[in-house]
Amino acid sequence: MLRKRLKWSVLGLLALVVGLLSATRPGSVFGGPTFAPAALPNIGLVCTTGSVSGTQVVFNLTTATGFYSGPDGNQVFMWGFGDADSGGAFQMPGPVLCVHEGDTVTINLTNTLPDPVSLVFPGQENVAAAGDQQGLFTWEAAANTGSASYTFTAGHPGTFLYESGTQPYKQIQMGLYGMLVVRPAMGDNFAYNDPDTQFRNEFMLLLHEIDPELHARVERGEPYIVSERHDRYWTINGRSMPDLIADNFVDWLKGQPYGALVRVEAGDSLPVLLRFANAGWENHPFHPHGNHMTVIARDGQPLPQKFQNFTTTIGSGQAYDLLFRWDNVEAWDVSANPLPVPMPPAGPFPDRQNVVYKDGVTFYSGNPYLGEGGATAYQDSFPPGTTVFNECGEFYFPWHSHALDEVQNFDEGFGGMLTLVRVDPPGGCP
Amino acid sequence: MNRKLIPRKYSRRDFLKWGVRGTLGIALAGSALSTLRPQQAVAGTGRPFLTPNPGPVARPDGQTAVRHLRFGATDGFLSLPGRRVNSPAGGVYMFGFVLGEVTDSIGDFIQKYKGRVRTPAPIVDVTENQDVYITLTNLGFEQRPDLDDSHTIHWHGFRNPNSVFDGVPEVSISVPVARDFPYFFRPRDEGTYMYHCHFEDTEHVQMGMDGIVFVRPQPGAGITPYHAYADFSTAFDREYTLLLNEVDTIPHDNLLAVQGFVWSDYKPNYWVINGRSYPDTLYTDLDLANEVDAVAAELKNRQPVSSLIQANPGEKILLRMASLGYEQHAMQMMGIRMRVVGQDATFLGPLAYDTHTIYIGPGEARDAIFVAPPYNPNLPGGTDAAGDYNVYWFKNRNYQRLVNDREPGLGGMITQVRVYAPNPDNSPSLPTQEWPNQTFPRPTV
Ligand SMILES: [Cu+2]
Ligand SMILES: [Cu+2]
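Chemist: Help me get a handle on the overall build of chain A, residues and values and all.
Modeler: Of regular secondary structure, chain A possesses four helices and 24 strands. A buried classification covers 62% of the 430 residues belonging to chain A. When contacts within chain A are restricted to residue pairs at least 6 apart in sequence, those whose partners lie at least 24 apart make up 69%. Counting every atom, chain A has about 15000 Å² of accessible surface; 53% of that belongs to carbon and sulfur.

Chemist: Give a detailed account of the interface of chain B and chain A, specifying residues and quantitative values.
Modeler: One widely used convention gives an interface's size as the accessible area the parts lose upon coming together. Each side of the interface is counted separately: chain B has 72 residues, and chain A has 75 residues. For the chain B and chain A pair, buried surface summed over both sides reaches about 6300 Å², with 58% attributable to carbon and sulfur atoms. Remark: the boundary between chain B and chain A carries four salt bridges. In this structure, Arg 232 of chain A engages Asp 265 of chain B in a salt bridge whose closest nitrogen and oxygen atoms are separated by 2.7 Å. At the surface where chain B touches chain A, the tally comes to 33 residue pairs in polar contact (both at pLDDT 80 or more).

Chemist: An account of the state of the cysteines is requested, with residue identities and associated values reported.
Modeler: Any covalent bond linking the sulfur atoms of two cysteines counts as a disulfide. Residue and element names in this part refer to chain A. Overall, the coordinates contain two disulfides over all chains when judged by the stated rule. Cys 47 shares a disulfide with Cys 98; S-S distance 2.0 Å. For the disulfide bridge between Cys 47 and Cys 98, the dihedral angle about the S-S bond is near -75 degrees, and by the sign convention the bridge is left-handed. Placement of the pair is Cys 47 in the loop between helix 1 (8-24) and strand 1 (51-53) and Cys 98 in strand 4 (residues 97-100), with a sequence separation of 51 residues. By relative accessible area, Cys 47 is classed as buried at 17%. Each disulfide in chain A links cysteines that, numbered along the sequence, combine into the pattern 1-2, 3-4.

Chemist: Any chance you could break down the coordination of the copper ion (ligand 1) for me, citing the residues and the numbers?
Modeler: Residue and element names in this part refer to chain B. Looking at the metal site, the copper ion (ligand 1) is ligated by His 151 (ND1), Cys 197 (SG), His 204 (ND1) and Met 209 (SD), spaced 2.0 to 2.7 Å from it. Read in sequence order, the donor residues for the copper ion (ligand 1) give the motif H-x45-C-x6-H-x4-M. Of this pair, Cys 197 sits in the loop between strand 7 (191-196) and helix 4 (201-206) while Met 209 sits in the loop between helix 4 and strand 8 (210-216), and the two are 12 residues apart along the sequence. Comparing Cys 197 with Met 209, the two get one shared label, buried.

Chemist: I'd like a description of the coordination of the copper ion (ligand 2), backed by residues and values.
Modeler: Within the protein, the atoms that donate to the copper ion (ligand 2) are His 402 of chain A (NE2), His 156 of chain B (ND1) and His 196 of chain B (NE2), at distances of 2.0 to 2.1 Å. With His 402 of chain A in the loop between strand 23 (395-401) and strand 24 (418-424) and His 156 of chain B in strand 5 (residues 154-156), this pair bridges two chains. Across the pair, His 156 of chain B and His 402 of chain A agree in class, each one buried.

Chemist: Can you tell me about the pattern of salt bridges, naming the residues and giving the values?
Modeler: By the definition in use, this model includes 39 salt bridges over all chains. One salt bridge in this structure joins Asp 194 of chain A and Lys 306 of chain A, with 2.8 Å as the shortest N-O distance. One end of the pair, Asp 194 of chain A, is in the loop between strand 11 (177-183) and strand 12 (202-210); the other, Lys 306 of chain A, is in strand 18 (residues 301-309), with 112 residues separating them in the sequence. Classification of Lys 306 of chain A by relative accessible area gives partly exposed; the value is 29%. A salt bridge links Glu 434 of chain B to Arg 442 of chain B, with the shortest nitrogen-to-oxygen separation between them at 2.9 Å.

Chemist: Would you mind going over the pairing of strand 12 (residues 316-323) of chain B in detail, with residue names and values included?
Modeler: Residue and element names in this part refer to chain B. In terms of burial, strand 12 is a largely internal element, seven of the eight residues being buried. As defined by bridge partners, strand 9 (residues 238-247) adjoins strand 12 across seven bridges and the pair is classed as parallel. Residue Leu 242 lies in a different strand from strand 12, and its bridge partner there is Met 321. Taken together, the seven bridges between strand 12 and strand 18 (residues 365-371) define a ladder with antiparallel strand orientation. Looking at strand 18, one finds that Arg 320 is bridged to Asp 367.

The rules behind each value
Residues numbered from 1 in each chain as written. Chains lettered and ligands numbered in written order. Predicted model: local features only at pLDDT ≥ 70, side-chain atom pairs only at ≥ 80, totals over all residues. Heavy atoms only, no water. Helix = DSSP H or I, 4+ residues; strand = E, 2+ residues; numbered from the N terminus. Buried < 20%, exposed > 50% of the residue type's maximum accessible area, 1.4 Å probe, protein only. Contact = heavy atoms within 4.5 Å. Areas by Shrake-Rupley, 256 points an atom, 1.4 Å probe, with all protein chains shown as cover. Buried area = accessible area lost by both parts, 1.4 Å probe. Salt bridge = Lys/Arg side-chain N within 4 Å of Asp/Glu carboxyl O. Polar contact = N/O pair within 3.5 Å; in protein donor to acceptor, adjacent residues only side chain to side chain. Disulfide = S-S within 2.5 Å. Donors = N, O, S within 2.8 Å, 3.2 Å for Na, K, Ca; no water. Pairing = 2+ DSSP bridges.

By themselves these figures say nothing about function.
As structure tokens, then:
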């Protein structure tokens, strides 16, 4: 296995991309009320909208082979769905299919893989299917050159998976999965037909696991024995930490176009929507730092009673819609409302002798106050040689699987199924 | 913005890769077996390992009350069936937190507690709107003086924290060896939480740097410290924190032997409640204080938090459960119905439910209340120093987790609820609990 380490310096570049590009080109930051696909967002959910004619929506997907590129340098052979309308290149996960409640949705599938392939849509009803051959769950596209077609009415809004319905123990593991988003009649900035589900921005968090050894066997044409599965990589949107905090469509992750960095503004009047789905085989207990989440829906069904929690276990095949916000509750201010530290018997705060920045790299601004510190303050705030990824005193918090054996890239920590939320001061960075 | 990286200090992982493990490993393993110092006694009063909660104190400005705690991060050994400290197999190497004196100098704290870790980490008992300072001192590792690991405190589930106090080293700070750092929290929301070190979290949490913190509701308008939430439906008479963990002894043994571990190979072989595996879960505070047997003597200064649940008939018992293992658990109460009133430090209100089996995943918390049934001499039970009791079992439904590695017979994540016969004058036989997890009879000082 080829193993090389992604250096923090590379992470530095991507943090700059995340931090600065989005700040200097506010128009490109995802979040317009119309989610126009013309201006691709650099973070957040990226919709593929298909060809729309009235309430008829048509997507053309193709299968393709490619590689998962891990932060440790490992390359793992994958199967994936590509968008045939824009070249059909391999990507994982597959294109995010966005439709509206009531649309008649058709997905045409062209196969290029040595196995027959099909599509199933958990949560959709009355899916009409046609194809080269009848498989166990649905009609299939034959191996190598086959095709199949699926049509259903998107009956109700929500977050759903789509995935292979053929040999799922092999094909979903190999990467044949994606997310389907059905938008409500109430508007594209609502999760459901419920005014309390309005959101500022939306983010996809699509979970999966990878056993590189099983994938290598598929690549080499050797027997695929799923009972020997031993996961080594854990992914959100097809990427692992720290790759997943890079922007959408960075050119060094060609087959993994979707990032997973979440960004909110402190005290925003609207929350952000997190569309979670678990395409993997394990249940993942997902823990947000920074605040509780509000659980609004499960498996595309709005809950009669919303509730808050600090860990949501996303079961295999399940989808959860969660709302998140962050408020500067204590409103600490360096002059008007200072933190009640220093405290006895310790010295002044922060006493820089008493802290270290892990591996000489940090996302911390060097100042405990939101919106303080940042680029101009580094000189005084950090030991010489510290690399700092912080723009203007914004806060970062990790969000991760709390099955902590899953926040690894094989054996390197602070990896795997872990992303960051960036909390900007009110008004954003200047 | 991007500064040049200074040459990195050699991290442990580099150290391991350079293959120096051979000689040093032998030297350290040798010292581990031979140089255990006599253990410092836990407070002689029998008070288990937790922070006293004096309740809120009015501040002159009418704002908030203040708590100040001192935590030390260090290493030590855990006693498990099949892995007794004083046995050829030896105890299980652990990291963790100890509770020290706020007034101790760093040097004094190191002198008292380095190498004497307790498992689980101290139970932190605080009240809503009460300012909490925790000074974390990194005491260093007695068995691994070559390691310069930093540590942090992450209050898991704390709402809207400042990032500097959230304890994640990559996005804030961490505390190096022989240094202090003051963590500050102003809890606004009552309920059961947990906390843990977030430095190399996969390793440090599994190594034992985790505990339960809970927040009592602000008293007033009929709400007392005996309510789990600011709601009368959450009243209780007696409370127990139950921290669920697994132990995979291989990475623990490897750390002691100065060897690495591939964390995607994690596969536990012990399952514990408050750091104890059955039958150790049945020991009382009195058993430990009197060192009734060799096991009690080992648990006394290593795993002092009781996992045994005692009750008088008719009492409402609050179980504050949290899981910081990496597996999902289903905890089953046999013979008594539980009502889950809180989840993840959130009052469930209309979503509260009755059940006999509680699902709990990694990083999740549950508050469950049950009413102890009447004492019935015809039901299964026994007699201990507190009197005659009926026994009910509380256990992991996954029976693969009811073992101790390769030891024969029952083990793992299972304990008892003991409901005691009233005194002859019909008064309850158990006195009022003075702190969570306190068992009776109280050890004599
Ligand atoms: Cu630690
Ligand atoms: Cu945690």
